[in-house]
Amino acid sequence: MGPAVPRTLAAAVGLGLLVAAFWWTRIVLPGREPVLLTTDIRLFFYPTYLALFTRAGSGTLPLWNPYQLCGVPWLGSPMGGLFYPPHALYLLLPTHAALAALELFHLLLLALSTMLFARRAGLGVEAAILAGMLSGLGGQALYWLFAPPLLESGAWLAV
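Residues numbered from 1 in each chain as written. Predicted model: local features only at pLDDT ≥ 70, side-chain atom pairs only at ≥ 80, totals over all residues. Heavy atoms only, no water.

**Observations concerning the environment of Val72**
1) Next: Within the secondary structure, Val72 is located in strand 2 (residues 72–73).
2) Next: Val72 has contacts with Leu63, Trp64 and Asn65, leaving out every residue within four places of it along the chain. (Helix = DSSP H or I, 4+ residues; strand = E, 2+ residues; numbered from the N terminus. Contact = heavy atoms within 4.5 Å.)

**With respect to unusual backbone geometry**
1) Next: Although it is not a glycine, Leu69 adopts a positive phi angle of roughly 50°.
2) Next: The topology assignment puts Leu69 in the loop between strand 1 (64–65) and strand 2.
3) Next: Assessed through its relative accessible area of 74%, Leu69 is described here as exposed. (Buried < 20%, exposed > 50% of the residue type's maximum accessible area, 1.4 Å probe, protein only.)

**A look at the nonpolar core**
The nonpolar side chains of soluble globular proteins are, as a tendency, buried together.
1) Next: In terms of nonpolar packing, the biggest core is built from 34 residues, with Val19, Trp23, Tyr90 and Leu107 touching the most fellow members.
2) Next: Broken down by element, this core gets its largest block of residues, 9 residues, from helix 4 (residues 95–120).
3) Next: Ignoring sequence-local partners within four residues, the contact set of Leu107 consists of Val19, Trp23, Gly136, Ala141, Leu145 and Leu151. (Core = buried A, V, L, I, M, F, W, Y, C linked by side-chain atoms within 4.5 Å.)

**Structural notes on the packing of aromatic side chains**
For any pair of aromatic rings, the description rests on two quantities: the centre-to-centre distance and the angle between the ring planes.
1) Next: All told, the structure shown has 5 aromatic pairs when counted by the stated rule.
2) Next: Measuring from centroid to centroid gives 6.4 Å for Tyr49 and Phe53, while their planes differ by 45°, and the two rings are tilted. With Tyr49 and Phe53 both in helix 2 (residues 39–57), this residue pair falls 4 residues apart, about one helical turn. (Phe/Tyr/Trp six-rings, centres within 6.5 Å; stacked < 30°, edge-to-face > 60°.)

**Here's the deal with helix 2**
1) Next: The terminal C-alpha atoms of helix 2 lie 26 Å apart, and with 19 residues this matches the ideal 27 Å at 1.5 Å per residue to within 8%.
2) Next: In the structure, helix 2 departs most strongly from a straight axis at Phe45, where the bend amounts to approximately 30° and where the proline Pro47 lies between one and four residues downstream.
3) Next: Among the residues of helix 2, those classed as buried are Ile41, Phe45, Thr48, Tyr49, Ala51, Leu52 and Phe53.
4) Next: The elements touched by buried residues of helix 2 are helix 3 (89–92), helix 4 and helix 7 (148–154). (Expected span 1.5 Å × (residues − 1). Bend = angle between axes of the 7 residues up to and from the residue.)

**Re the packing of helix 2 against helix 4**
Each pair of packed helices can be described by the angle between their axes along with the distance between the axes.
1) Next: With their axes 10 Å apart at the nearest point, helix 2 and helix 4 run at an angle of 110° to one another. In this view, helix 2 runs roughly perpendicular relative to helix 4, as classed from their interaxial angle. Along the contact surface, helix 2 presents Ile41, Tyr46, Tyr49 and Leu50, while helix 4 presents Thr95, His96, Leu99 and Glu103.
2) Next: Its residues assigned to classes, the contact of helix 2 with helix 4 shows 5 nonpolar, 2 polar and 1 charged. (Axes fitted to C-alpha atoms, helices over the stretch in contact; angles between N-to-C directions. Parallel < 35°, antiparallel > 145°, perpendicular 65-115°, else oblique. Nonpolar A, V, L, I, M, F, W, Y, C, P; charged D, E, K, R; others polar.)

What follows is the structure, encoded as structure tokens:
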């Protein structure tokens, strides 16, 4: 194990803590009144996850969503993500806690995988940390945060 591996590991841990602290202080601690930016997650995604995984958790395979438009298939929609493996967390935790945990997981995945991809592409540790910071702390991550399917798919790009 060369000297670059522990340095990269320390950088990854530091970056993960930075991303978690940044979004915690930016989103959770202020406790502001709802703003227009959060409308989709409050009025669409949260109720969708709540209804979908409540039914799935009770042993019913939710085939049809009667609450959207005049009814749409639940299994064919990526918005609920019934078959996305990390969404099993919705069956174990309350919906709000699972949503927060999955958002944090995907933000960390986005930042850390970008950093590790940059290292693999030949960038130095400092440049890789910067790449991870830019992907996990700003840019599209702010908007993806309020549309979970975008964040969940975007987080896997660097992987």
